[in-house]
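# Chain and residue survey
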Amino acid sequence: MSSVAIIINIAQLVNVREHSQLLMGTALAELPVIENAFVLIEDGLIAEYGHMYELELKVPQLPKYVIDAAGQFILPAWCDSHTHLLFAASRENEFIDKIKGLTYAEIAAKGGGILNSAEKLNNATEDELFVQAWKRLEEVSKLGTGAIEIKSGYGLTVEGELKMLRVIKKLKEKSALSIKSTFLGAHTYPLQFKENHQGYIDSIINDMLPVIAGENLADYIDVFCETGFFLPGEMEQICKAGLQYGLKPKLHVNQLNSIGGIEMGLKLNAVSLDHLETLNEQEINLLCNQQSMLSGKGHKETICTLLPTAAFFLRMGFQPARKLIDTGCAIALASDYNPGSSPSGNMNLVIAMSCIQMKMLPEEAINAATINGAFAMGVDNECGSITIGKKANLIFTKTIPSIAYLPYSFGSNLIDKVMINGQFI
Ligand code: NIG
Ligand code: FE
């Protein structure tokens, strides 16, 4: 039997789109809303929507289950397209080291950072990892996240990486959220390969990738391209091997240094280039030129995914969102949820920070965290906007005066409830 429900008297239905489209440049500020609206849900999908005055015409027979959203705004749930949500332990000791003055690079050099997480992860069982990740998924879904990308990258051994990806696969099967999985074996060089980079790259290519592809464990491939981590040429080798198995790149570039990751990422036709705290003029030009070269040709553009909470937590300058948008780039916002540089998966905070610190307009931030985020993780056909046929993944706000109130009142939890696949969670 099909299940039908209708939500009526919605103060504003936000991000209503007939068709999904990646938003670039000025289009990012256009956030279509319907005031005093309804949404019809059938079998967990959006079946119809409109103004309340169209209700009788569009839905002649009201379903039994009616939800009155008087005074509430309804938005598509957040699409968090970059996280490392699967980890075995928190790292607040390093947080204290940082307060005392050590840098991210110094902490990594003394065996902290990613290697610290890898040691803990390799000692944890699949079940332990699953339970922890499940709790985090529950937490972020209550904060409005309906789709999420999760990376491996804390295994750094064949067994560890496969363990992570198998846990993510189980999360996909058991969770109502839309989940995408990214293989980040190239997160850092494990100690035993410190002097033998090619040895580890060979292990990624020959020992990990064939199993990952055989068991269908990943949707994307990622590399941390950074001084002291993976160089652009190393990233190229790894991504080309991943592409052979159909894994498209979503890449960590320009977090701490400009070392050619942007050029290489564009050459590899990456789905997204993520972080971008450190960008020079030439790189901004490259990013905007590729957009103008490709736009209008039905080509999939490389999305710039900005992670403001990581910049915030590491006390770095924020990403130049304004420049990127004003030169025509497609921007997505994500949480980077991980124990080292962003121990928060709260997308509401990400949105607030992007408005407060990066001067994004509230409309731009909401688009970047919904429809563009959906494109950045390949769920644009099912999530990211109020569109007929998409999942009824919806945020119900508390009573708010306007959409701008969400990032403005950054310390309040303004989410009343969240619906995933037509069900309240
Ligand atoms: O996106 N920069 C690389 N990876 C993560 C941090 C990983 C960690 O510190 O555990 C990031 O910031
Ligand atoms: Fe990251």
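Residues numbered from 1 in each chain as written. Chains lettered and ligands numbered in written order. Predicted model: local features only at pLDDT ≥ 70, side-chain atom pairs only at ≥ 80, totals over all residues. Heavy atoms only, no water.

Attention shifts here to the overall build of the chain. Assigned secondary structure in the chain consists of 16 helices and 16 strands. Against the globule reference of 22 Å for 425 residues, the chain gives a C-alpha radius of gyration of 21 Å, in line with a compact fold. Overall, the C-alpha framework of the chain stretches about 70 × 45 × 45 Å when taken along its three principal axes. Considering the chain as a whole, with its 425 residues, one finds that 58% of them fall into the buried category. About 16,800 Å² of surface is accessible on the chain, with carbon and sulfur atoms providing 53% of the total. Taken together, the 34 basic and 46 acidic charged side chains of the chain have centroids lying 2 Å from each other. (Helix = DSSP H or I, 4+ residues; strand = E, 2+ residues; numbered from the N terminus. Rg over C-alpha atoms; globule rule 2.2 N^0.38 Å. Buried < 20%, exposed > 50% of the residue type's maximum accessible area, 1.4 Å probe, protein only. Areas by Shrake-Rupley, 256 points an atom, 1.4 Å probe, with all protein chains shown as cover. Lys, Arg positive; Asp, Glu negative; His and termini not counted. Charge placed at Lys NZ, Arg CZ, Asp CG, Glu CD.)

This brings us to the side chain of histidine 82. Position of histidine 82 relative to the elements: it lies in the loop between strand S6 (78–80) and helix H2 (92–99). In this view, histidine 82 contacts Glu149, Lys151, His252, Asp274, His275, Thr305, Leu307, Ala334, Ser335, Asp336 and Tyr337; residues no more than four positions away in its chain are not counted. (Contact = heavy atoms within 4.5 Å.)

Moving on, we come to the site of ligand 1. Near ligand 1 lie 15 residues; those nearest to it are Arg91, Tyr104, Tyr154, Gln255 and Ser341. Take glutamine 255: an N or O atom from its side chain is 2.6 Å from a nitrogen atom of ligand 1. A distance of 2.5 Å is found between an oxygen atom of ligand 1 and a side-chain nitrogen or oxygen belonging to serine 341. Bound to the protein, ligand 1 loses 100% of the 320 Å² it would expose on its own. Residues that form the shell around ligand 1 fall into these classes: four nonpolar, nine polar and two charged. (Near = heavy atom within 4 Å. Polar contact = N/O pair within 3.5 Å; in protein donor to acceptor, adjacent residues only side chain to side chain. Nonpolar A, V, L, I, M, F, W, Y, C, P; charged D, E, K, R; others polar.)

Aromatic rings considered in pairs are described by the distance between their centres and by the relative angle of their planes. For the coordinates displayed, the defined rule picks out nine aromatic pairs. Pairing phenylalanine 130 with tryptophan 134 gives two aromatic rings, centres 5.6 Å apart and planes at 20°, and the pair type is stacked. Of the two residues, phenylalanine 130 and tryptophan 134 both sit in helix H5 (residues 126–142), four residues apart, roughly one turn of that helix. Here tryptophan 134 falls in the partly exposed class, since its relative accessible area comes to 28%. Here the aromatic rings of tyrosine 189 and phenylalanine 230 are separated by 4.1 Å at their centres, their planes lie at 25°, and the arrangement is stacked. Of the two residues, tyrosine 189 is situated in the loop between strand S8 (178–186) and helix H7 (197–214) and phenylalanine 230 in the loop between strand S9 (220–225) and helix H8 (232–244); the sequence distance between them amounts to 41 residues. Judged by relative accessible area, which is 0%, phenylalanine 230 ranks as buried. Grouping aromatic residues by their ring pairs yields a cluster made of Tyr189, Phe193, Tyr200 and Phe230. (Phe/Tyr/Trp six-rings, centres within 6.5 Å; stacked < 30°, edge-to-face > 60°.)

So, on to the sheet that holds S8. Taken together, eight strands build an open sheet; the order of strands is S6-S7-S8-S9-S10-S11-S12-S13 and the sheet is parallel. The open sheet has two edge strands, S6 and strand S13 (331–333), and neither has a second partner. Each strand axis lies, on average, 25° off the axis of its neighbour in the sheet, ignoring direction. Here strand S12 (residues 303–306) pairs with S13 via three bridges, running parallel. The residue bridging cysteine 304 from the neighbouring strand is isoleucine 331, located in S13. (Pairing = 2+ DSSP bridges. Axes fitted to C-alpha atoms, helices over the stretch in contact; angles between N-to-C directions.)

Surrounding the iron ion (ligand 2) are the protein donor atoms His82 (NE2), His84 (NE2), His252 (NE2) and Asp336 (OD), at 2.1 to 2.2 Å. Counting the intervening residues between successive donors of the iron ion (ligand 2) yields the motif H-x1-H-x167-H-x83-D. Here histidine 252 lies in strand S10 (residues 248–253) and histidine 84 lies in the loop between S6 and H2, a separation of 168 residues in the sequence. Taking relative accessible area as the criterion, histidine 84 reaches 2% and is therefore assigned buried. A relative accessible area of 3% means that histidine 252 is categorised as buried. (Donors = N, O, S within 2.8 Å, 3.2 Å for Na, K, Ca; no water.)

Now for the domain arrangement of the chain. We note that the domain assignment places domain 1 (4–77 + 385–424) and domain 2 (78–375) within the chain. Using C-alpha coordinates to define each centre, domain 1 is positioned 29 Å away from domain 2. Between domain 1 and domain 2 the total buried area reaches about 2,500 Å² when both faces are included, carbon and sulfur atoms providing 70% of it. Contact with domain 2 buries area across many residues of domain 1, yet Leu22, Met24 and Leu28 alone supply 26% of it, more than any other trio. Between the two partners, domain 1 and domain 2, sit zero salt bridges. Across the contact surface, domain 1 and domain 2 share nine residue pairs in polar contact (both at pLDDT 80 or more). Secondary-structure elements contributing two or more residues to the side of domain 1 that touches domain 2 are strand S5 (73–76), helix H16 (405–408) and strand S15 (415–420). (Domains from an automatic or database assignment. Buried area = accessible area lost by both parts, 1.4 Å probe. Salt bridge = Lys/Arg side-chain N within 4 Å of Asp/Glu carboxyl O.)

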